[in-house]
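Single-letter residue listing:
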Amino acid sequence: MDKKPVPTHVGIIMDGNGRWAKAHGVPRVMGHNAGMQSMKKIVIATSNMGIKYLTVYAFSTENWKRSTEEVSGIFNLIVKYVNSELEELDANNVHINIFGQYDMLPKASIDAIDKMVGRLADNEGLVFNIALNYGGRDEILRSVKQLCEDCRNGSRDPEDLTEDDISRYLWSGSANFNVPDPDLIIRTSGEERISNFLTWQSAYSELMFTDTLWPDFTPEEYAEMIDAYADRDRRFGGRKESGTK
Ligand code: IPE
Ligand code: IPE
Ligand code: MG
């Protein structure tokens, strides 16, 4: 029997930590902590399923609107994550890219990220991208500015620009391993929107939603979604040569 195809790149909008905390009568930061535990398991599950790229939405350019307490709580968790997970990530041959400008985070978080990215730089297993202070529109704007600059200084001609050129200027295109567009984007917590995640790259992504809050999302539910992906009929605007669809 043929093995079902797995997506090459999965994106996950990890939503519902706040509602999970509320349901458990604990502070929101504890919801984020529970979300981080969930993320650890999903990273390893992704690697075990043979999926090459995973991008998680950890903090959006709009999430700065939240309270200072919540925002700094999330950034502190990054330090905690690196301290507790670096060895295991390395043992699993995981490579990490950060999508987003993280230089405005607290110094301890920046240092932790730099340490993690540096330590895992030569790994060639799962490419794990963390969208941190990431916004799809912000990413496109940054690319447009860079392209304009390159046209102004003569290294590029506007007439010759292609869609691939735009892709290359995004975080995903300029990162190591040249991350392809996501085949599948999953969002937890029952919200059915993209919220500025991989705006350019998601043009033809399959979307899946679940009511499960992110801290309750299990590798089993994830595996069911990956299984269901194989039955999606991706047409990219064309038609199948044979078949009835
Ligand atoms: C997602 O959970 C994590 C981040 C946005 C950082 P939320 O914090 O958005 O959880 P809800 O949507 O309030 O439940
Ligand atoms: C999207 O979730 C961002 C992350 C998961 C990091 P939000 O909770 O911020 O999105 P909205 O506000 O419900 O659209
Ligand atoms: Mg939310």
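Located above this text is the structure these notes cover.
First things first, this report covers the structure right here in the doc. (Residues numbered from 1 in each chain as written. Chains lettered and ligands numbered in written order. Predicted model: local features only at pLDDT ≥ 70, side-chain atom pairs only at ≥ 80, totals over all residues. Heavy atoms only, no water.)

### With respect to the packing of aromatic side chains
Scanning the entire structure with this criterion turns up nine aromatic pairs. Members of the aromatic cluster, joined through ring pairs, are Tyr-57, Tyr-134 and Phe-197. (Phe/Tyr/Trp six-rings, centres within 6.5 Å; stacked < 30°, edge-to-face > 60°.)

### So, the site of ligand 1
Taken together, 13 residues are adjacent to ligand 1, and Asp-15, Gly-18, Arg-19, Arg-28 and Arg-66 come closest. In this structure, an oxygen atom belonging to ligand 1 sits 3.1 Å away from a main-chain N or O atom of Asn-17. Here an oxygen atom of ligand 1 sits 2.9 Å away from a polar atom, N or O, in the main chain of Gly-18. Surface burial for ligand 1 is 86%, taken as the share of its 380 Å² of free accessible area covered by protein chains. Of all the cavities here, the one that holds ligand 1 is the largest pocket. Those elements that place two or more of their residues in the shell around ligand 1 are helix 1 (17-23), helix 2 (28-48) and helix 3 (68-91). (Near = heavy atom within 4 Å. Polar contact = N/O pair within 3.5 Å; in protein donor to acceptor, adjacent residues only side chain to side chain. Areas by Shrake-Rupley, 256 points an atom, 1.4 Å probe, with all protein chains shown as cover. 1 Å grid on protein atoms, 1.4 Å probe; cavity = no way out; pocket = protein on both sides within 12 Å on 5 of 7 lines; lining within 4 Å. Sits in = over half its atoms within 2 Å of the grid points. Helix = DSSP H or I, 4+ residues; strand = E, 2+ residues; numbered from the N terminus.)

### A closer look at the site of ligand 2
As a structural note, the neighbourhood of ligand 2 is formed by Ile-13, Met-14, Asp-15, Tyr-57, Ala-58, Phe-59, Asn-63, Arg-66, Arg-187, Arg-193 and Ser-195. One of the side-chain nitrogen or oxygen atoms of Asp-15 is found 3.3 Å away from an oxygen atom of ligand 2. One of the side-chain nitrogen or oxygen atoms of Arg-187 is found 3.3 Å away from an oxygen atom of ligand 2. One can see that ligand 2 is located within the largest pocket.

### A closer look at empty space enclosed by the protein
Enumeration over the complete set of coordinates arrives at one cavity of 30 Å³ or more. Every residue lining the largest cavity is listed: Lys-40, Val-43, Ile-44, Tyr-81, Glu-85, Glu-88 and Leu-89. Going through the elements one at a time, helix 2 and helix 3 are the ones with two or more residues in the lining of the largest cavity. Along the lines of polarity and charge, the residues of the lining of the largest cavity split into four nonpolar, no polar and three charged. (Points joined across faces, edges and corners; volume = space filled by probe spheres on them. Nonpolar A, V, L, I, M, F, W, Y, C, P; charged D, E, K, R; others polar.)

### Brief notes about the nonpolar core
Membership of the largest hydrophobic core comes to 44 residues, with the highest contact counts inside it found for Ile-12, Phe-128 and Tyr-222. For this core, the element with the highest residue contribution is helix 3, accounting for nine residues. The contacts of Phe-128, once residues within four sequence positions are left out, are Met-39, Val-43, Leu-54, Val-56, Tyr-81, Val-94, His-95, Ile-96 and Asn-97. (Core = buried A, V, L, I, M, F, W, Y, C linked by side-chain atoms within 4.5 Å. Buried < 20%, exposed > 50% of the residue type's maximum accessible area, 1.4 Å probe, protein only. Contact = heavy atoms within 4.5 Å.)

Honestly, it's all geometry; don't read function into it.
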